[in-house]
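Structure at a glance
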Amino acid sequence: MKFVQEQGADEVLDLVCRMCPMHLLEPGDKLKCMQKGQVLEVLTDYDGALEDIPEWCKKCGHEFIGLEEDDEYYKFYIKKKK
Amino acid sequence: MNDAYLDHASATPVKKEVLEAMLPYFSDQFANPSNIYDIGSEIKSVVDEQRAKVAELIGAKAEEIIFTSSGAEANNLAIKGVGFAHQKKGKHVIVSSIEHHSILNSARFLERMDFEATFLPVDEHGYVDPERLVKVIRPETILVSVMHANNEIGTVEPISELAAVCKEKGIIFHTDAVASAGNINVDVDELNVDLLSLSGASLGAPKGIGALYFRKNLRLMPLIHGGIQENGRRAGTENVPGIVGFGKAAELAKDKLSVKEPYVRKLRDQLIDGVLQQIEKVTFTGHPEKRLPGHASFCFEAIEGESLIFMLAQNGIYSNTGSACASKALKTSPVLGAIGIRADLAQGSTVFTINDNNTSEHIDYVLAKLPPIVARLRSISPIWGKKIPEGEEGVCT
């Protein structure tokens, strides 16, 4: 797992309290509205995202930049590649 | 003249246009909105169109509406959903003492989960004083819930003032608008609320459908986990016919409000004036001015409200004692207790809720039948005409 610190983002998606598969569906919808090269920050407290989001980025052709842990949730950073 | 149905706070008739809009979704238009093929995605679009209509009724955005099974579920989702999602900030919630049972019992449930709840007192009209709210707020308070209008006594609360107090302190504010929506203007921005509950049954839609408005980006813990319905905030295959009925009813309610409000207000005043002029020893409950336009509530001294309801029903007049839950449990209403009504007087609680399908003839009919029924019940009452010894009056709890 890649960890990052103080990674900036163009858009933030708050999915705290929501579960599978919203951690994959909502970033997909959000990225559609973003420009190539922009970074999306996804906040989630769903542990399954640790495995799912990097894998999902690979399948969809986006770059998984890394993860930052907070007391309450995880912050995932995804760069739109296509 | 048809029966005088004056219990619209309990249920409203499903309007003809609403039923017609719903019917195809029981049969031909049956597909599951979550399906990805065309007949499923078409239904999904229909559901989202209704979401926009319900949002429009309260000045919200479509994506801020979660469909639920009822107003009670919306209230549960607001109280528990905010409580669980924000408990790291604090575990104290405040609700007014005259809330619907779905709010009061949700707050009591949170107490069982190691939260603390404050049940905020009201004045003799059931009015929540913003200054009183300020005094009970603590650093750990995360949520305040005060209903927009009370279903038993008709009082309309100063929601925007109460919400402003909370906003200043970063506290989430919820209001239950089940009794007010479709009867007075309800706008989430004017009210300044973060969450607001609605029920279809109060608006001319069928029973079994409700909605919770939540301000965009507000974290909310779902109560029903499962699929992706309602964007993962409330699982379960959508009640599509109910949602379509709710959307149509919301559209009609918005269109008709400016005509309905003065019309029912006139009928309400006709009823209140007639009752107070023709019947002695009656207490008019709720706020005299700040009240729902179609709401008239009284306590008749030395009368059992249920007896009065039955005798009125025998004459084709349908009203209510106020709280169905309290009434069936043979308990006096906590709302009447909270406004300081004596326990013996609270027994004679009767509530009339008027809608735009009522007429002046209905009110004349009630005013012709009600006084002799009250007189008859008092003639057989063991307490009529007797002074209750001081200290034995009690206040209902």
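Residues numbered from 1 in each chain as written. Chains lettered and ligands numbered in written order. Predicted model: local features only at pLDDT ≥ 70, side-chain atom pairs only at ≥ 80, totals over all residues. Heavy atoms only, no water.

Some points on the pattern of salt bridges
Put simply, the test is: The rule for a salt bridge is simple: a side-chain nitrogen of Lys or Arg has to be within 4 Å of a carboxyl oxygen of Asp or Glu. Runs of E in the DSSP output that reach at least two residues are strands. Runs of H or I that reach at least four are helices, and both are numbered from the N terminus. Summary of the burial criterion: residues with accessible area below 20% of their type's maximum are buried, those above 50% are exposed, and those between are partly exposed, where the area comes from a 1.4 Å probe applied to protein chains only.
Applying the stated rule across the entire model yields 22 salt bridges over all chains. Among the salt bridges present, the one from Arg219(B) reaches Asp14(A), with a minimum N-O distance of 2.8 Å. A residue pair is termed interchain when its members come from two chains, as with Arg219(B) in the loop between β8 (210-214) and α8 (240-278) and Asp14(A) in strand β1 (residues 11-14). The class of Arg219(B) is buried, set by a relative accessible area of 16%. Residue class for Asp14(A) comes out partly exposed when judged on its relative accessible area of 22%. Between Glu26(A) and Arg18(A) there is a salt bridge, with the nearest N and O atoms lying 3.3 Å from each other. Look at the salt bridges and you will find they share partners, linking Lys44(B), Asp48(B), Arg51(B) and Glu230(B) into a network.

Remarks on the domain arrangement of chain B
All names here are of chain B. The line we're drawing: The source of the domain bounds is an automatic or database domain assignment. Any two residues having at least one pair of non-hydrogen atoms within 4.5 Å are treated as being in contact. Buried area adds together the accessible area that both of two parts lose upon being put together, with accessible area traced by a 1.4 Å probe.
Once the domains are mapped, chain B shows domain 1 (4-9 + 257-379) and domain 2 (16-253). Of note, the centres of domain 1 and domain 2, computed from C-alpha atoms alone, are 27 Å apart. Taken together, the 24 residues of domain 1 in the interface contact 24 residues of domain 2. Interface of domain 1 and domain 2: buried area, both sides summed, is about 2100 Å²; carbon and sulfur atoms make up 59% of it. When the area that domain 1 buries against domain 2 is broken down by residue, the three leading residues are Leu257, Leu292 and Val335, summing to 28%. Along the contact surface separating domain 1 from domain 2 lie zero salt bridges.

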